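# Structural description and commentary
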Amino acid sequence: MERAIRNFLSQESAGGILLMVAVALAMILANSPLADLYQGFLSTGVQLRVGELDINKPLLLWINDGLMALFFLLIGLEVKRELLEGALSSVAKASLPTFAAIGGMVFPALFYLAFNYSNPETQVGWAIPAATDIAFALGIMALLGNRVPVALKVFLLALAIIDDLGVIVIIALFYSTDLSMTSLIIAAVSIVLMVALNRKGVTSITPYALVGFMLWVAVLKSGVHATLAGVIIAFCIPLRAKDGTSPSGHLEHQLHPWSTFLILPVFAFANAGLSLTNMSFESFAEPITLGIIMGLMLGKPIGVFLFSYVAVKLKLAELPPGIGWRHITPVAVMCGIGFTMSVFISSLAFEHSPAEYGDYARLGILTGSLFAALIGYFWLAKVLPNSGGSHETN
């Protein structure tokens, strides 16, 4: 079990570093003479047509609706595994990261709304700072090597998984519009078919993939965001077969490298290209920008730490062995690294808003995440011993 966790963490850490490279490359291209080529590439139309079925979207939306559905499939597989067999499989294990994740979603939203209370058009972005980017956060933590206790990494991993689950619920409830009943019925039939496959003990991934594609198309056309199809598919794939093998575990293992080294970097490259041409220092004072920066830099750590502290003091949760508040605090700051999911939510929140709203959101996400990464890294480096070994609780 410990070996599996270490392998998972090392892969996520490498992904965080690759994400940083993709963000840097996108920013360079968006602010260079190649900016038009970069934007034109993302605007390239891609059409899939079979009979009456016609899906015609720019490349950017294929990435956000298609590739990210595979990412959400992976998240769903991880959540299911952790809920049934892993770090969230018991009340004792799940209590602390659950309380921490809840606080880490509530407080950033409150901070954002505090800066946008007077504008209904920008209030829709309240969920943007509520997400934690697990790949980035673990990538930053990986820079400290074996000085970081495994228990602290597992705490961050469990917190981020619960955070992802919360974001999935938020997207389903608050960022779905213009629902199509016909498409929803087809989606419901697809879900019933996959549940039936599960109940019949079907362990081959192929039938789930075929019905899952039908589900993805139906959800895409329904008005509910298409990425949620990935989560539903994940929950329908059996965790354990009768012979003890794990169909969902096998698929998760196959998807991880693709997600880490292709899907997330491509998403980052496509969405992080913020042009600074029309930006100024005044842009940082915009309610959207300021709300996101404060939500990530202050709301996240305050919420994560406060809810964790209260839960422990009320004996609703326990600190992991060898981990103290001096460790939890910088990790709470690192939770303010919200890049991937924050950018994704901002693309939904401001999809039909003026273009500058999306630019202000990305400026806030990049700035807040950068400061959270730097402060969290140096703070954690200060409280950890200079080499791997024992870690006292304080």
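The structure contained in this document is the topic of the report that follows. (Residues numbered from 1 in each chain as written. Predicted model: local features only at pLDDT ≥ 70, side-chain atom pairs only at ≥ 80, totals over all residues. Heavy atoms only, no water.)

## Comments concerning the pairing of strand β2 (residues 53-58)
Here strand β1 (residues 45-50) pairs with β2 via 6 bridges, running antiparallel. The residue of β2 that forms the bridge with glycine 45 is proline 58. In this structure, the hairpin formed by β1 and β2 is closed by a connection of 2 residues, where glycine 51 is found at a positive phi of approximately 60°. (Pairing = 2+ DSSP bridges. Helix = DSSP H or I, 4+ residues; strand = E, 2+ residues; numbered from the N terminus.)

## What to know about the packing of helix α11 (residues 247-271) against helix α14 (residues 339-349)
In helix packing, the relevant descriptors are the interaxial angle and the interaxial distance, both defined with respect to the helix axes. One can describe the packing of α11 onto α14 by two numbers: an axis separation of 11 Å at closest approach and a directional angle of 50°. Here α14 runs oblique to α11, going by the angle between their axes. Seen along the crossing, α11 lies across α14 with a hand that is left-handed. Here Leu264, Phe267, Ala268 and Asn271 of α11 come into contact with α14, specifically with Phe339, Thr340, Val343 and Phe344. (Axes fitted to C-alpha atoms, helices over the stretch in contact; angles between N-to-C directions. Parallel < 35°, antiparallel > 145°, perpendicular 65-115°, else oblique. Left-handed = near helix turned anticlockwise from the far one by under 90°. Contact = heavy atoms within 4.5 Å.)

## Focus: α14
Within α14, 10 of the 11 residues are buried, leaving the element largely enclosed by the surrounding structure. Every buried residue of α14 is listed here: Phe339, Thr340, Met341, Ser342, Val343, Phe344, Ile345, Ser346, Leu348 and Ala349. (Buried < 20%, exposed > 50% of the residue type's maximum accessible area, 1.4 Å probe, protein only.)

## Concerning the nonpolar core
Ranked by internal contacts, the top residues of the largest apolar core, which has 93 residues, are Phe72, Phe339 and Leu380. The biggest single contributor to this core is helix α7 (residues 150-174), with 14 residues. For phenylalanine 339, the residues in contact, after removing those within four places along its chain, are Val23, Asp133, Phe136, Ala268, Ala272, Ile365, Leu366 and Ser369. (Core = buried A, V, L, I, M, F, W, Y, C linked by side-chain atoms within 4.5 Å.)

## As for unusual backbone geometry
Trans is the common state for peptide bonds, and a negative phi is the common state for residues other than glycine. Positive phi outside glycine occurs at lysine 315, with the angle close to 60°. Inspection of the secondary structure assignment puts lysine 315 in the loop between α12 (287-313) and α13 (325-334).

## Here we look at the packing of aromatic side chains
Throughout the structure, instances matching the rule amount to 13 aromatic pairs. Ring plane angle 55° and centroid distance 6.3 Å describe the contact between phenylalanine 267 and phenylalanine 344, whose orientation is recorded as tilted. Here phenylalanine 267, found in helix α11, pairs with phenylalanine 344, found in helix α14; they are 77 residues apart in sequence, far enough to count as distant. In this structure phenylalanine 267 comes out as buried when scored by relative accessible area, which is 0%. Judged by its relative accessible area of 0%, phenylalanine 344 is buried. Taken together, a centroid distance of 5.3 Å and an interplanar angle of 55° make the contact between tyrosine 309 and tryptophan 325 tilted. With tyrosine 309 in helix α12 and tryptophan 325 in helix α13, this residue pair connects regions lying 16 residues apart in the sequence. Tryptophan 325 sits in the buried class, given a relative accessible area of 16%. (Phe/Tyr/Trp six-rings, centres within 6.5 Å; stacked < 30°, edge-to-face > 60°.)

## Section: the side chain of serine 183
Structurally, the position occupied by serine 183 is in helix α8 (residues 181-199). Excluding its chain neighbours within four sequence positions, the residues that come into contact with serine 183 are Ala218, Lys221 and Ser222.

## Some thoughts on the pattern of salt bridges
With the rule as written, the count across this model stands at 6 salt bridges. One salt bridge in this structure joins arginine 81 and glutamate 82, with 2.5 Å as the shortest N-O distance. According to the relative accessible area criterion, glutamate 82 is buried, its value standing at 6%. In this structure, the salt-bridge partner of arginine 81 is glutamate 252, at a minimum N-O distance of 2.6 Å. Taken as a pair, arginine 81 in helix α3 (residues 59-84) and glutamate 252 in helix α11 lie far apart in primary sequence, 171 residues in all. Residue classification places glutamate 252 among the buried residues on the basis of a relative accessible area of 6%. (Salt bridge = Lys/Arg side-chain N within 4 Å of Asp/Glu carboxyl O.)

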